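Working through the structure, step by step
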Amino acid sequence: MKLAILELGTNTFHLLIVDVKQDKSYTKIFKSKVIVKLGEGAIQKNFIAAIPFERGIKALKHYSQIIFEHKPEGIFAFATSAIRSATNGKEFVKSVLAETGIKIKVISGEKKAELICYGVRQCVRMTKKKQLIMDIGGGSTEFVIANKNETFWKGSFNIGASRLLEIFKPSDPITSTEIKKMELFLEKIVSPLNLTLKKYPVDSLIGSSGSFDTLAEIIGWKFRKRDVLKNVSALQFDLPEYF
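A brief structural summary.

Parameters and conventions
Residues numbered from 1 in each chain as written. Predicted model: local features only at pLDDT ≥ 70, side-chain atom pairs only at ≥ 80, totals over all residues. Heavy atoms only, no water. Pairing = 2+ DSSP bridges. Helix = DSSP H or I, 4+ residues; strand = E, 2+ residues; numbered from the N terminus. Axes fitted to C-alpha atoms, helices over the stretch in contact; angles between N-to-C directions. Contact = heavy atoms within 4.5 Å. Phe/Tyr/Trp six-rings, centres within 6.5 Å; stacked < 30°, edge-to-face > 60°. Buried < 20%, exposed > 50% of the residue type's maximum accessible area, 1.4 Å probe, protein only. Parallel < 35°, antiparallel > 145°, perpendicular 65-115°, else oblique. Nonpolar A, V, L, I, M, F, W, Y, C, P; charged D, E, K, R; others polar. Core = buried A, V, L, I, M, F, W, Y, C linked by side-chain atoms within 4.5 Å. Polar contact = N/O pair within 3.5 Å; in protein donor to acceptor, adjacent residues only side chain to side chain. Lys, Arg positive; Asp, Glu negative; His and termini not counted. Salt bridge = Lys/Arg side-chain N within 4 Å of Asp/Glu carboxyl O.

To continue, consider the sheet that holds strand β4 (residues 74-79). The five strands are arranged β3-β2-β1-β4-β5 in an open sheet whose pairing can be described as mixed. Looking at the sheet topology across the chains shown, the edges are occupied by β3 (26-35) and β5 (104-106). Geometrically, the sheet is characterised by an average inter-axis angle of 20° between neighbouring strands, direction not taken into account. Two elements, strand β1 (residues 2-8) and β4, share six bridges in a ladder whose sense is parallel. Residue pairing for β4: Leu3 is matched across the bridge by Gly74. Running at roughly 10° to strand β2 (residues 12-20), helix α1 (residues 50-70) makes contact with β1, β2, β3, β4 and β5 of the sheet.

This part takes up the packing of aromatic side chains. Inspection of every chain in the model, using the stated rule, returns four aromatic pairs. Relative to Phe92, the ring of Phe53 lies with its centre 5.2 Å away and its plane at 85°, an arrangement referred to as edge-to-face. Placement of the pair is Phe53 in helix α1 and Phe92 in helix α3 (residues 89-100), with a sequence separation of 39 residues. Take Phe53: its relative accessible area is 8%, and that puts it in the buried class. For Phe92, a relative accessible area of 0% translates into the label buried. Their ring planes at 80° and their centres at 5.2 Å tell us that Phe168 and Phe185 sit as a pair that is edge-to-face. Taken together, the positions of Phe168 in helix α5 (residues 161-168) and Phe185 in helix α6 (residues 176-189) put the pair 17 residues apart, joining distant regions of the chain. Judged by its relative accessible area of 19%, Phe168 falls in the buried class. On the accessibility criterion, Phe185 (27% relative accessible area) is partly exposed.

The subject of this paragraph is the packing of α6 against helix α7 (residues 191-199). Running from N to C, α6 and α7 cross one another at 60°; their axes reach a closest spacing of 4 Å. By the criterion of interaxial angle, the relationship of α6 to α7 is oblique. From α6, Glu187, Lys188 and Ile189 reach across to α7, where they touch Ser191, Pro192 and Asn194. Among the residues making up the contact of α6 with α7, the classes are represented as two nonpolar, two polar and two charged.

A few words now on the nonpolar core. If you look at the biggest cluster of nonpolar residues, it comprises 26 residues, and the most contacted ones within it are Leu6, Phe13, Leu60, Phe92 and Ile104. Every element with two or more residues in this core is listed here: β1, β2, α1, β4, α2 (81-85) and α3. Considering every element that reaches this core, the biggest residue donor is α1, with seven residues. Each residue touching Phe13, except ones within four places of it in the same chain, is listed here: Glu7, Leu8, Ser32, Lys33, Val34, Val36, Leu38, Gly56, Ala59, Leu60, Tyr63 and Phe92.

Below, the discussion takes up the side chain of Thr10. Along the chain, the position of Thr10 falls in the loop between β1 and β2. Here Thr10 falls in the buried class, since its relative accessible area comes to 4%. In this structure the side chain of Thr10 is engaged in a polar contact, spanning 3.2 Å, whose partner is the backbone nitrogen of Gly139. Excluding residues within four positions of it along the chain, Thr10 makes contact with Val36, Lys37, Leu38, Gly39, Ile43, Thr80, Ser81, Ala82, Gly138, Gly139 and Ser162.

Here the focus is the sheet that holds strand β6 (residues 131-136). The mixed open sheet is built from four strands, whose spatial order is β8-β7-β6-β9. Every interior strand has two partners, whereas the edge strands, β8 (151-157) and β9 (205-207), have only one. With direction set aside, neighbouring strand axes in the sheet form an average angle of 15°. Examined bridge by bridge, strand β7 (residues 141-146) and β8 share six bridges and lie antiparallel to one another. Each bridged residue has a counterpart across the sheet, and for Phe143 the counterpart in β8 is Gly155. Against the sheet, α7 makes contact with β6, β7 and β8, and its axis sits at roughly 165° relative to β8, the strand it touches most.

Before going further, it helps to examine the side chain of Asp135. Examined against the element boundaries, Asp135 turns out to sit in strand β6. Here Asp135 occupies a buried position and makes no salt bridge, while the nearest side chain of opposite charge, Lys112, is found at 4.1 Å. Separated by 2.8 Å, the side chains of Asp135 and Ser208 make a polar contact. When near neighbours in sequence (up to four residues on either side) are disregarded, Asp135 contacts Lys112, Ile116, Ser140, Thr141, Glu142, Ser208 and Ser209.

Now the structure itself:
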């Protein structure tokens, strides 16, 4: 069975087309991402501004053509923080349906965290030890405490990269004062996570987003080799390498 999956994030829209076998294994047929910056300019006003709105529609028109060419048996489109929190998010969903025929399902932050955990288990060899999964998005950041079989806690916080930029509008380069201000803000927001980690201690962090890919590539260039992420689904590094 051929399936098309769309993830409509705050910064990036992803399209994946796969051929799923009877044993539930699958083969990737097409994979693409396009930067739309849906939260640009108005994410803190809980609104999709006109230019990002049209940019998102244009991206999905392009993807709908690709999907049509592959003729999948099913299309699954999921929207996250920017569309979920926007007062005109429903209008965006209706416009996409009218323009492309694609029906978007807007999911909660906790549902996204659950799906992230499923994805991580596909890529990372988890054990019975509890680990903290972190996914940094544009509008929200999700955390999950889990092992290979169980999920102990999951949460979603509106502290995605785009949202933080809109809140703090930091200098370039960012100043130490701005960093401290942001740290105090984040400490307050994620206090429920800090309390939960006392109940479910972990000894490692699994990063599942593009931000962690960037960190891995920086660490690879500094300590290992170029293209450190090429042909691998996961990369492990120690905390001293991060610093």
